[in-house]
Amino acid sequence: MRFVVQSPFQALSAIEARTALGIPPAFARLVVIRPNEELGRVQVERVIASVGWAERTDIAYDGNVFRSAQRLLQTLRAADDQDDVAIGEYRSPLMRHLANRASRSGRSTLLLDDGVGTLLVRDLRAGTAVDAPSFAGSARRAQLLRLAGLDVRDPATLTYVTSYDMDVSAPDRLSACADDSQPLYVGTNLVESGAISEEWYLRHATSTCRAFGSRYVPHRRESNTKLHQLREAGVSVVHLDGPLEFELGEQRWRPQRVDTIFSSVLHNLPKLLDVHFRAVVPPQTAVNAEWSPRLRNLFDSLA
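In this text, all values refer to a predicted model and were calculated from it rather than measured experimentally. (Residues numbered from 1 in each chain as written. Predicted model: local features only at pLDDT ≥ 70, side-chain atom pairs only at ≥ 80, totals over all residues. Heavy atoms only, no water.)

**Student:** Teacher, can you tell me more about the pattern of salt bridges here?
**Tutor:** For side chains bearing opposite charge, pairing can occur when the charged atoms are close. According to the stated counting rule, one finds 13 salt bridges in the structure shown. For glutamate 199, the salt bridge is made with arginine 203, and the minimal N-O distance between the two is 3.8 Å. Here glutamate 199 pairs with arginine 203, and both are found in helix α7 (residues 198–212), just four residues apart, close to one helical turn. (Salt bridge = Lys/Arg side-chain N within 4 Å of Asp/Glu carboxyl O. Helix = DSSP H or I, 4+ residues; strand = E, 2+ residues; numbered from the N terminus.)

**Student:** Got a minute to help me understand unusual backbone geometry in this structure?
**Tutor:** Most peptide bonds take the trans form, and the phi angle of most residues other than glycine is negative. Residue proline 171 is bonded to the preceding alanine 170 through a cis peptide linkage, with omega at 10°. Turning to its location among the elements, proline 171 is positioned in the loop between β6 (159–160) and β7 (173–174).

**Student:** Mind showing me how you'd approach the packing of aromatic side chains here?
**Tutor:** Where two aromatic rings form a pair, the distance of their centres and the angle of their planes describe that pair. All chains considered together, the criterion is met by three aromatic pairs. Judged by centre distance (6.3 Å) and plane angle (75°), the rings of tyrosine 185 and tyrosine 201 are edge-to-face. Placement of tyrosine 185 in strand β8 (residues 184–186) and of tyrosine 201 in helix α7 is noted, with a sequence separation of 16 residues between them. Accessibility classification places tyrosine 185 together with tyrosine 201 in one group, the buried group. Where tyrosine 185 meets tyrosine 216, the ring centres are 5.5 Å apart and the plane angle is 15°; that geometry is what we call stacked. (Phe/Tyr/Trp six-rings, centres within 6.5 Å; stacked < 30°, edge-to-face > 60°. Buried < 20%, exposed > 50% of the residue type's maximum accessible area, 1.4 Å probe, protein only.)

**Student:** In this structure, what is going on with the environment of serine 175? I would like to understand it.
**Tutor:** Within the element layout of this structure, serine 175 appears in the loop between β7 and β8. A C-alpha to C-alpha distance of 9.6 Å links serine 175 and alanine 20, two positions 155 residues apart in sequence. Here serine 175 is in contact with Leu21, Thr159, Tyr160, Val161 and Thr162, once residues within four sequence places are set aside. (Contact = heavy atoms within 4.5 Å.)

**Student:** Sorry, what's going on with the nonpolar core here?
**Tutor:** Nonpolar side chains in soluble globular proteins tend to end up buried together. Counting 26 residues, the largest nonpolar core has Val4, Leu94, Leu111 and Leu150 as the members making the most contacts within it. For this core, the secondary-structure elements that each account for two or more residues are β2 (29–34), α3 (65–77), β4 (85–87), α4 (93–104) and α6 (139–147). Sorting elements by how many residues they give to this core places α4 first, with five residues. Beyond its immediate stretch of four places on either side in the chain, leucine 150 contacts Ala69, Leu73, Pro93, Leu94, His97 and Leu145. (Core = buried A, V, L, I, M, F, W, Y, C linked by side-chain atoms within 4.5 Å.)

**Student:** Honestly, a nonpolar patch on the surface in this entry has me stumped. Any pointers?
**Tutor:** Residues Phe66, Leu144 and Leu147 make up a contiguous nonpolar surface patch of about 280 Å² in total accessible area. Counting through the fold element by element, leucine 144 comes out in helix α6. (Patch = residues over 30% accessible without salt bridge, like charges linked within 9 Å, V, L, I, M, F, W, Y side chains within 5 Å. Areas by Shrake-Rupley, 256 points an atom, 1.4 Å probe, with all protein chains shown as cover.)

**Student:** Would you mind going over the side chain of threonine 118 with me for this structure?
**Tutor:** As for its position among the elements, threonine 118 is in helix α5 (residues 116–126). Using a relative accessible area of 2% as the deciding quantity, one classes threonine 118 as buried. At 3.3 Å, the side chain of threonine 118 and the side chain of aspartate 113 are in polar contact. Leaving out residues up to four positions away in the same chain, threonine 118 has contacts with Leu112, Asp113, Tyr160, Thr162, Tyr164 and Met166. (Polar contact = N/O pair within 3.5 Å; in protein donor to acceptor, adjacent residues only side chain to side chain.)

**Student:** Can you help me understand the sheet that holds strand β9 (residues 215–217) in this one?
**Tutor:** Backbone hydrogen bonds are what pair the strands of a sheet, in a parallel or an antiparallel way. Across the sheet, which stays open at both edges, the five strands sit in the order β10-β9-β8-β11-β12 with parallel pairing between neighbours. Taken across any chain shown, the strands that pair with only one partner, and hence form the sheet edges, are β10 (236–237) and β12 (276–279). Two elements, β8 and strand β11 (residues 257–260), share three bridges in a ladder whose sense is parallel. Residue pairing for β11: leucine 184 is matched across the bridge by valine 258. (Pairing = 2+ DSSP bridges.)

**Student:** Explanation requested: the sheet that holds strand β1 (residues 2–5) in the structure shown.
**Tutor:** In space, the seven strands of this open sheet follow the order β3-β2-β1-β4-β5-β6-β7, with parallel pairing throughout. Every other strand in the sheet has two partners, leaving β3 (55–60) and β7 as the edge strands with one partner each. Taken strand by strand, α4 contacts β1, β2, β4 and β5 (109–111), and its axis lies near 155° from that of β4. (Axes fitted to C-alpha atoms, helices over the stretch in contact; angles between N-to-C directions.)

The quantities given are spatial measurements derived from coordinates; they are silent on function.
Structure below.
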């Protein structure tokens, strides 16, 4: 996924969308159309530096959209880009060009959450907006942008990534950001360590996530194979860029429930959140005999 942002709020929305959609940092690429004003540049840098990105491309924007268009097109010609695109500003000719470019290649275009602006875009695309400005601009400006090499038409389809519970008109779609109160299942690497049965763990984690609608937050040492099996079973796996305790503070998540097998969050999160915690002790049949006394002591210490 390639995220295109031009303001601090758009950068924050990109991070929230990335987390909600469960996109690992290794697959999150960033394009920054650098704001013209210094304060905007400083704030964008501060936001995007809070997480890791697989790749970053900067497009200088000096207030002249035509010069910026040439820089963008030059950058695109040098890129072998097969990513879906998430744009932060529907009104931006540069971003609209990227959206149409993705659509022509059979890729998806996502619109990042822009607060009330998201509702305005929805109404404009549905033809129900009242006394709202057109995002296309004047016919003359649109013609000049086309001469500059930009495709500034309205994208054929959009997928809204938003916290709004709203209806959209076909062919647009809605991919809502996860509710900040959605339960979490905190993963463990006890399977990878040889301590517990993978079969039992996958069955327990899958059934718990399905029962409570939980997002699965993996331990950094969990295997990609195990996480793939969870995804295949319909579990939403959300990769974080730092410790869960830090991310909960940064993202302002307030999960109503946290499930786990064994994790330091059982000590740490109760100090941060007033939520329901549940730690399950694996049955003896699921525990490696060599690990059993050690695990029993660990679980007793958390009781």
